[in-house]
Amino acid sequence: MAGLAASRIAFGSYIREIRVTGQKTPLAAGLRIETSRQTIMRLENGLPTKVSTVELERLLDFYAAISETREEALRLWREVRSEEKVAQQQGDSRGFWQPYTDQVFSHFPRYLRLESAANQVTTHQLVLVHGLLQTPDYRRAVVRIDGGPGLSAVDVERRVELALRRQSRLNDPGFRLNFLMSEAVLRHQPGEPEVMAAQLRWLAEMGRKDNISIRVIPFGAKGHRGLTIQSFTLLQFPRLSTNVTESPVVYIEGAIGGLYHGRADVVQGYREGVAALEAVALDEDDTADVLLKIAKEYAA
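We now turn to the structure provided with this report. (Residues numbered from 1 in each chain as written. Predicted model: local features only at pLDDT ≥ 70, side-chain atom pairs only at ≥ 80, totals over all residues. Heavy atoms only, no water.)

Looking now at the side chain of Asn 211. Mapped onto the secondary structure, Asn 211 falls in the loop between helix H10 (193-206) and strand S3 (212-217). For Asn 211, the side chain forms a polar contact with the main-chain oxygen of Phe 175, separated by 2.9 Å. Sequence-distant contacts of Asn 211, defined by excluding residues within four places in its chain, comprise Leu 170, Asp 172, Phe 175, Arg 176 and Leu 177. (Helix = DSSP H or I, 4+ residues; strand = E, 2+ residues; numbered from the N terminus. Polar contact = N/O pair within 3.5 Å; in protein donor to acceptor, adjacent residues only side chain to side chain. Contact = heavy atoms within 4.5 Å.)

In structure tokens, the structure reads:
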């Protein structure tokens, strides 16, 4: 449930700001309400916790929050609790990825939580099609490479199933995906030629959706930022009230972990990188032509 994830993240950011302003540590906050530092961190990171409203009020007292700040925190908390009840009734309060956590690196559920809360994702990829746009067969090929020969057929299919559930965001009219990719993505072949042909045709089709922009940066583009900025994903979040919004986050995936950047100056640097990449990328129509042309090469 995107609304619940967004509400939890926004509340967590807000309560973290109150704690920092009050010059209290997570450890001190945990001791105040007789819980652990980890519980406070989970609360601030937008994860489900067993913190009660009474305990939250004690935290706000401990942080010496002023009345306006306190009222806003409690309002956001009521919103989270209300959406949790709805999600529980619908059976999806834990996040769609929870049954698959044994299939991904330990850092990745955090990314999925952020992605489910975002209203705009801008990604630049140098090697592979972004997971939100992979066909099942393409994803299956990538999973087999990543998991190695010892990965069971059942686990392969569970990972493909997770990818398909993740892609439900593409049908949300309030969500936008901007996909910038090097031409190399079209030339790398994790799957057989028929898999690649189908993947590129799928990209051309998805690029016609109003909320999806797909643009290729051709090999002929000279001296652009993509040569140095590498692959990344910029996640932006909706404003949930007149006072609260979650700051954008830049995610960079590594071989065994992921990095998350939220500092304003770092995010601004990546925004400038996006603008530089857009300046040398083909437009959507020319991108579709290139996708279909290379798909025909694979199908030949």
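Our next topic: the pairing of strand S1 (residues 120-125). When a strand is regular, its side chains alternate between the sheet's two faces. Counting buried positions along S1 yields 5 of 6 residues, so the element is predominantly enclosed. Examined bridge by bridge, S1 and strand S2 (residues 176-182) share 6 bridges and lie parallel to one another. In the strand pairing of S2, Val 121 is matched with Leu 177. (Buried < 20%, exposed > 50% of the residue type's maximum accessible area, 1.4 Å probe, protein only. Pairing = 2+ DSSP bridges.)

It is worth spelling out helix H6 (residues 108-117) at this point. The buried fraction of H6 amounts to 9 of the 10 residues, a majority that puts the element mostly inside the structure. Buried within H6 we find Phe 108, Pro 109, Tyr 111, Leu 112, Arg 113, Leu 114, Glu 115, Ser 116 and Ala 117.

All right, on to unusual backbone geometry then. For Gln 23, which is not a glycine, the phi torsion comes out positive at approximately 60°. In this fold, Gln 23 is placed in the loop between helix H1 (2-21) and helix H2 (26-32). What makes Gln 23 exposed here is its relative accessible area of 72%. If you check the backbone angles, Glu 34 has positive phi at about 60° while not being a glycine.

Here we take up the packing of aromatic side chains. The final tally for this structure, using the stated rule, is 6 aromatic pairs. Both rings, one in Phe 108 and one in Tyr 111, keep their centres 5.3 Å apart while their planes meet at 15°; by these two values the pair is stacked. One end of the pair is Phe 108 and the other is Tyr 111, both in helix H6 and 3 residues apart, which spans about a single turn. In terms of burial, Phe 108 and Tyr 111 fall into one category: buried. Seen in terms of ring centroids, Tyr 251 and Tyr 260 are 5.1 Å apart; in terms of plane orientation they differ by 40°. Their pairing is tilted. Each of the two residues, Tyr 251 as well as Tyr 260, counts as buried. Within the aromatic cluster, the residues linked to one another by ring pairs are Phe 108, Tyr 111, Tyr 251 and Tyr 260. In this structure, Arg 110 packs its charged tip against the face of Tyr 260, placed 4.1 Å from the ring centre. (Phe/Tyr/Trp six-rings, centres within 6.5 Å; stacked < 30°, edge-to-face > 60°. Lys NZ or Arg CZ within 6 Å of the ring centre and 35° of its normal.)

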